[in-house]
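Coordinate analysis (summary)
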Amino acid sequence: MATYTKFWDVIVDQLWSYQDANLVLDSIDYLNLCFGITTDHNTGHAPCLKLDNGATHGGTINWDGGSTKYLRANAAGTVLSIAAIDFKMTGGYKIQGNRAILTYRGAPVNNEPYDTSDSTSIALGYVMPFPGSVLGVSLAFSLVSMTGTSFTEAADLYKNGSLLVAGTATGLISPPGVERVKDTYARGVHTFVAGDRLEVLYNKGGDASAWTGYASAQVEVILDS
Amino acid sequence: MANFQYTTISDFVAYQLLQYLHMNYLRENLRYIAEDILGNPASNSDMIAQITLNNTPSDGGTIYFDGGTSKYLRAETTGDLLTLAGMDFKVEGTQLIQGDTHIYTAHSQGQLFVAADGFIMTGSASIPISWTMPRAGSIIGYGLSILTKAFTSSGTARFTLDKNLGGSPVIDGATINIAANNTVYTDRNTYTRGSLTFAADDSLDPIFNHLSGGSYSVVAAAMLVVIFDT
């Protein structure tokens, strides 16, 4: 407790107090800004939490009292990473926007069949229970025998029997030999809805007139729900 | 405030009261942040135990990253949904996402089922092959498509999923009326997580289940959507 001997000492002390109070008020305003709190917000909870750490990263939430287990936005703000701790969906909940692989395996003999129907005229394909997008199509083709001088193979993707997107052809394959190729797409470009059928057609290139081989194709999808 | 001029005692008292109001405002905000947002300070931990967010009625709370409002993790007001927007989600190092979704696919590889039961992966009623689950989890969806061949008369069939090659089927699909040749028939369904469960090492056996009548054969393709619990 200060002992005032002059009235001006009281005034000076009050001015200091006022500056201290302003400093604390500024800090409170900053916290309000970080939590998205406005003067008319009084629900008992903060509306949001705004994070950023300048150039180092875009904000971090640390767990377990240290700094090794965290949820962090990278400096570019393009990736939210979780580190040193598993991420788990509990109860009846799931991840929406999850990626998955559809696998296909065929054995074309002198023809260009749809994979699952093994027919050259009727596409079958896997029925998608959920909507989503195709993110990629991969193909490996093992050519066993060939009549002719050149052979390539592509995996064309069909939706409900109609071409969705043509695949890039492999390089020239000489029997016995294997070539691989892949195509990738941005999410939302090649979409499907629940109930759509996704089928692969093996599309031969080159002048081969007869051939045998084995095909393995994978379609990477992302499910929207 | 540059020009305090206390000319009377009452001015001084007014100033003191103003300071008192400021302090009350500060105390209230600190209590709000400490207790309502950051958890109970009585826990006496050096760390924040939890952060409680809510922005009723717009959303259930948002964490913004990178100094703006386009990159966020937000609890939506409907659907019990936590949405990540504007960024990819990455799990680093050796950590895993637990509770993620996977798809199993199988087809009869061009082999034909005559109008009879058969395992879809082998095209045979007597040669079973299954998917073996590496972890415990739930089935949340399936899809079946069949292409009819050599059709001469109508019949009914469905998708069935057995577990461990016996007992009651885990899934009996909708009845499909097979009525034409060279025709694609489909069926699909979705399930709530936790309603159709499996344990690690369980086998799930996709089956083309002939129900009644008909003279035909089919090519079949099936897919299963599962969530692993761990």
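One structure accompanies this document, and this report is about it. (Residues numbered from 1 in each chain as written. Chains lettered and ligands numbered in written order. Predicted model: local features only at pLDDT ≥ 70, side-chain atom pairs only at ≥ 80, totals over all residues. Heavy atoms only, no water.)

**Examining a nonpolar patch on the surface**
A cluster of nonpolar side chains, namely B:I9, B:V13 and B:L17, defines an oily patch on the protein surface of about 290 Å² accessible area. Relative to the assigned elements, B:L17 resides in helix α1 (residues 9-37). (Patch = residues over 30% accessible without salt bridge, like charges linked within 9 Å, V, L, I, M, F, W, Y side chains within 5 Å. Areas by Shrake-Rupley, 256 points an atom, 1.4 Å probe, with all protein chains shown as cover. Salt bridge = Lys/Arg side-chain N within 4 Å of Asp/Glu carboxyl O. Helix = DSSP H or I, 4+ residues; strand = E, 2+ residues; numbered from the N terminus.)

**Structural notes on the side chain of B:R74**
All names here are of chain B. Note on placement: R74 falls in strand β2 (residues 72-75). Residue R74 is classed as buried on the basis of its relative accessible area, which comes to 17%. Of the polar contacts made by the side chain of R74, one reaches the side chain of Y64; its length is 3.1 Å. Leaving out residues up to four positions away in the same chain, R74 has contacts with D59, G61, T62, Y64, L81, L82 and T83. (Buried < 20%, exposed > 50% of the residue type's maximum accessible area, 1.4 Å probe, protein only. Polar contact = N/O pair within 3.5 Å; in protein donor to acceptor, adjacent residues only side chain to side chain. Contact = heavy atoms within 4.5 Å.)

**Brief notes about the interface of chain A and chain B**
With 83 residues of chain A in contact, the opposing surface of chain B contributes 81 residues. Both faces combined, the contact of chain A with chain B buries some 6800 Å², and carbon together with sulfur accounts for 64% of it. Looking at the side of chain A facing chain B, the largest losses of area belong to A:Y18, A:L80 and A:V127, adding up to 9% of the total buried there. Where chain A packs against chain B, one counts 0 salt bridges. Counting every contact that joins chain A to chain B gives 33 residue pairs in polar contact (both at pLDDT 80 or more). Within the residue set of the side of chain A that touches chain B, elements represented by two or more residues are α1 (7-34), β1 (48-50), β3 (70-73), β4 (79-83), β5 (87-88), β6 (98-106), β7 (126-127) and β14 (210-223) of chain A. Among the elements that take part in the side of chain A that touches chain B, α1(A) stands out by supplying 13 residues, more than any other. (Buried area = accessible area lost by both parts, 1.4 Å probe.)

**Considering the packing of α1(A) against α1(B)**
How two helices pack is summed up by the angle between their axes together with the distance between the axes. Running from amino to carboxyl end, α1(A) crosses α1(B) at an angle of 30°, the nearest separation of the two axes being 10 Å. Taken together, α1(A) and α1(B) sit at an angle that is classed as roughly parallel. The two elements α1(A) and α1(B) cross, and the hand of that crossing is left-handed. On α1(B), the residues touching A:V10, A:Q14, A:S17, A:Y18, A:A21, A:V24, A:L25, A:I28, A:D29, A:L31 and A:N32 of α1(A) are B:F12, B:Y15, B:Q16, B:Q19, B:H22, B:Y25, B:L26, B:N29, B:L30 and B:I33. Here the contact of α1(A) with α1(B) is built from residues that sort into 13 nonpolar, 7 polar and 1 charged. (Axes fitted to C-alpha atoms, helices over the stretch in contact; angles between N-to-C directions. Parallel < 35°, antiparallel > 145°, perpendicular 65-115°, else oblique. Left-handed = near helix turned anticlockwise from the far one by under 90°. Nonpolar A, V, L, I, M, F, W, Y, C, P; charged D, E, K, R; others polar.)

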